[in-house]
Amino acid sequence: MPRPLFTASLALARTIDAANSLLGRSVAWLSVVMVLLTCLIVVLRYAFNIGATATQEFIMYSHSLAFMGAAAWALQRDAHVRVDIFFRRFSSRGKALIDCSGTLLFLLPLCLFLAWNCWDYVSVAWQRQERSADAGGLQWVYIQKSFILLLVASLFLQALSQLIKTGAVIFGALPTHLPASHEEHL
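Let me begin by describing the structure that accompanies this report. (Residues numbered from 1 in each chain as written. Predicted model: local features only at pLDDT ≥ 70, side-chain atom pairs only at ≥ 80, totals over all residues. Heavy atoms only, no water.)

This part takes up the packing of helix H2 (residues 30-48) against helix H3 (residues 53-76). Working note: a packed helix pair is described by the angle between its axes plus the distance between those axes. It is the contact of H2 with H3, at a shortest axis distance of 10 Å, that shows an interaxial angle of 160 degrees. One element, H2, and the other, H3, form an angle in the roughly antiparallel class. As H2 packs across H3, the resulting crossing turns out to be left-handed. Of the residues in H3, those touching H2 at Leu30, Val33, Met34, Leu37, Thr38 and Ile41 are Thr55, Gln56, Phe58, Ile59, Ser62, His63, Leu65 and Ala66. Of the residues in the contact of H2 with H3, the class split is 9 nonpolar, 5 polar and no charged. (Axes fitted to C-alpha atoms, helices over the stretch in contact; angles between N-to-C directions. Helix = DSSP H or I, 4+ residues; strand = E, 2+ residues; numbered from the N terminus. Parallel < 35°, antiparallel > 145°, perpendicular 65-115°, else oblique. Left-handed = near helix turned anticlockwise from the far one by under 90°. Contact = heavy atoms within 4.5 Å. Nonpolar A, V, L, I, M, F, W, Y, C, P; charged D, E, K, R; others polar.)

See the structure below:
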């Protein structure tokens, strides 16, 4: 692959990584919000006998956004689940081949499968402006269902970034595609 193409591709990969990192770091703060709101719900329920259905649903929305919004960031940081028995012994090029193969054989087909199967599910929720079935619940169930598309889009883009970086390692343009803190996770 010509050097200018590698340079442009790696710039695209860095842009994708920056966007997914920003998304992941942003939704990670929802954990703090969820803990505080859960404490509030417990106090309201047991100290004042007040139910908080909307707040409970907001915690559920936050939980789904935290996990679906941070999935690509976890992949980017190499914090996803992998059986490292053999992987850690491979060279950088071998590791790049394994990750490239996994991205092509598993991650991209999964993203396409999810996109294909959830599109109608999400679009019907938007058409109906789906609301909570519980009295006092939130009116934005269709937004929560849209988090699935956020997961698909961010993972697909991260897969593209991974392919660019692993390709650069395979062809000798980068020494490694793994983050600097990779050894900490082993």
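This paragraph deals with the side chain of Gln158. Locating Gln158 in the fold gives a position in helix H6 (residues 141-170). Taking relative accessible area as the criterion, Gln158 reaches 0% and is therefore assigned buried. In contact with Gln158, other than residues within four places in its own chain, are Ile16, Asp17, Asn20, Ala72, Leu75, Gln76 and Lys165. (Buried < 20%, exposed > 50% of the residue type's maximum accessible area, 1.4 Å probe, protein only.)

Let's shift gears to a nonpolar patch on the surface. Taken together, the side chains of Leu12, Leu112, Phe156, Leu157 and Leu160 define a hydrophobic patch exposed on the protein surface, amounting to about 420 Å² of accessible area. With respect to the helices, strands and loops of the structure, Phe156 is situated in helix H6. The exposure class assigned to Phe156 is partly exposed, which follows from its relative accessible area of 36%. (Patch = residues over 30% accessible without salt bridge, like charges linked within 9 Å, V, L, I, M, F, W, Y side chains within 5 Å. Areas by Shrake-Rupley, 256 points an atom, 1.4 Å probe, with all protein chains shown as cover. Salt bridge = Lys/Arg side-chain N within 4 Å of Asp/Glu carboxyl O.)

Looking at the largest pocket, its volume works out to about 330 Å³. Around the largest pocket, the lining is made up of 13 residues, and of these Leu75, His80, Gly102, Thr103 and Leu107 lie nearest the centre. At 7 residues, helix H5 (residues 92-128) tops the list of elements feeding residues into the lining of the largest pocket. Here the residues of the lining of the largest pocket are counted per class, giving 6 nonpolar, 4 polar and 3 charged. (1 Å grid on protein atoms, 1.4 Å probe; cavity = no way out; pocket = protein on both sides within 12 Å on 5 of 7 lines; lining within 4 Å. Points joined across faces, edges and corners; volume = space filled by probe spheres on them.)

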